[in-house]
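# What the coordinates show
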Amino acid sequence: DGGITQSPKYLFRKEGQNVTLSCEQNLNHDAMYWYRQDPGQGLRLIYYSQIVNDFQKGDIAEGYSVSREKKESFPLTVTSAQKNPTAFYLCASMEGATYNSPLHFGNGTRLTVT
Amino acid sequence: GESVGLHLPTLSVQEGDNSIINCAYSNSASDYFIWYKQESGKGPQFIIDIRSNMDKRQGQRVTVLLNKTVKHLSLQIAATQPGDSAVYFCAERSNAGGTSYGKLTFGQGTILTVHP
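Residues numbered from 1 in each chain as written. Chains lettered and ligands numbered in written order. Predicted model: local features only at pLDDT ≥ 70, side-chain atom pairs only at ≥ 80, totals over all residues. Heavy atoms only, no water.

### Notes on the interface of chain B and chain A
The following threshold applies: Only heavy atoms enter the contact rule, under which two residues are in contact if any of them lie within 4.5 Å. Joining two parts hides part of their accessible area as seen by a 1.4 Å probe, and the buried area is that hidden amount summed over both. A pair is scored as a salt bridge if a Lys or Arg side-chain nitrogen falls within 4 Å of a carboxyl oxygen belonging to Asp or Glu. Counted as a polar contact is a pair of N or O atoms within 3.5 Å, where, for protein atoms, one must be capable of donating a hydrogen and the other of accepting one, and residues adjacent in sequence contribute only when both atoms are in side chains.
Facing the 28 residues of chain B at the interface are 27 residues of chain A. When chain B packs against chain A, the two sides together hide about 2300 Å² of surface, and 53% of this comes from carbon and sulfur. Put simply, chain B and chain A have zero salt bridges between them. For the pair chain B and chain A, the number of links is six residue pairs in polar contact (both at pLDDT 80 or more).

If you want it as structure tokens, here you go:
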């Protein structure tokens, strides 16, 4: 089955540590996205990538970093500079050639930093 | 701007009733709209989309209505079932110059609870 796989589902870290969240897709989609979701709020865009080896900051990129070395992979690193890292992180992809197409989401990683 | 809060709007219905979930958007340049369903602990699931050159689109048990004059979007679910219980988000995309490619702006969400 084609889809987006995020791992792990739950992640616990101590404050001050960097942590990397995995996102893999086998949909052959060009564009990939990272969103953050906090309780009672809509999704907010962290980073996105339209093609391999290229990525752009979203609305809340501070304290995060990404890489896009392969089309199918778009890992997100939450650094110690992110002031409120505890959240539900969602990865998504979109078929790049079609502007009017929806994002397809993975099932998220819940990160807890104490 | 986007409103932020800890308390989502809620809608409670009886099984079999029709549900209407509303969404107001602020960007008059938005030209593509999507409704997502999110169950607890999962990612958003695509339900239906609509382009700005349409005012109505129907899917299986769902209808999306778009009123560009008042910047309002609604999702109608016919014969609502307990499995429809979830948080529903609307999302908008603008093709205006300088906009992040493919970026969706999400609403706060509405909690739908369906009672058997």
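There's more to say after this.
### A word on the pattern of salt bridges
Residues and elements named next belong to chain A. Here is the rule: Working definition: helices are DSSP H or I runs of at least four residues, strands are E runs of at least two. Numbering for both runs from the N terminus. Burial status follows relative accessibility: with a 1.4 Å probe on protein chains alone, a residue under 20% of its type maximum counts as buried, one over 50% as exposed, and anything between as partly exposed.
What the rule picks out here adds up to five salt bridges over all chains. In this structure, the salt-bridge partner of Asp30 is Lys71, at a minimum N-O distance of 3.4 Å. You can see Asp30 sitting in the loop between strand 3 (19–25) and strand 4 (31–37) and its partner Lys71 sitting in the loop between strand 7 (64–66) and strand 8 (76–78), a full 41 residues away along the chain. On the accessibility criterion, Lys71 (27% relative accessible area) is partly exposed. Between Asp38 and Arg44 there is a salt bridge whose closest N-O contact spans 2.8 Å. Classification of Asp38 as buried rests on a relative accessible area of 12%. Arg44 gets classed as partly exposed once you look at its relative accessible area, which sits at 27%.

### Observations regarding the layout of surface pockets
Condition: The pocket and cavity definitions rest on a 1 Å grid over protein atoms only: a 1.4 Å probe that fits but cannot leave marks a cavity, an open set with protein on both sides within 12 Å along at least five of seven lines marks a pocket, and residues lining either have an atom within 4 Å of a point. Grid points are joined across faces, edges and corners, and a volume is the space filled by probe spheres set on the points. Three categories are distinguished: nonpolar for Ala, Val, Leu, Ile, Met, Phe, Trp, Tyr, Cys and Pro, charged for Asp, Glu, Lys and Arg, and polar for the others, with Gly belonging to the last.
By volume, the second largest pocket is sized at about 350 Å³. If you go around the second largest pocket, you meet 20 residues; those closest to its centre are A:Gln37, A:Pro39, A:Phe88, A:Arg110 and B:Gln38. A per-class count over the lining of the second largest pocket returns eight nonpolar, eight polar and four charged.

### Quick look at the packing of aromatic side chains
The description of two aromatic rings rests on the distance between their centres and on the angle between their planes. We count it as follows: When the centres of two rings from Phe, Tyr and Trp lie within 6.5 Å, Trp using its six-membered ring, the rings pair. Their planes under 30 degrees apart give stacked, over 60 give edge-to-face, and anything left gives tilted. Here, a charge over a ring means that NZ of Lys or CZ of Arg falls within 6 Å of the ring centre while also lying within 35 degrees of the ring normal.
With the rule as written, the count across this model stands at 11 aromatic pairs over all chains. Plain terms: the ring middles of A:Tyr64 and A:Tyr89 are 5.9 Å apart, the flat faces sit at 65 degrees to each other, and that makes the pair edge-to-face. Highlighted residues: A:Tyr64 in strand 7 and A:Tyr89 in strand 9 (residues 87–94), separated in sequence by 25 residues. The class for A:Tyr89 is buried, based on a relative accessible area of 0%. For the ring pair A:Phe105 and B:Tyr36, a centre distance of 5.4 Å and an interplane angle of 85 degrees mean the geometry is edge-to-face. Here B:Tyr36 lies in strand 3 (residues 30–38) and A:Phe105 lies in strand 10 (residues 104–105), a pairing that spans two chains. Under the relative-accessibility criterion, A:Phe105 is labelled buried at 12%. Note on B:Tyr36: relative accessible area 0%, which makes it buried. Here a set of aromatic residues connected by ring pairs shows up, and it is made of A:Tyr35, A:Phe105, B:Tyr36, B:Phe46, B:Phe89 and B:Phe106. The lysine or arginine in question, A:Arg68, covers the ring of A:Phe74, its NZ or CZ lying 6.0 Å from the ring centre.

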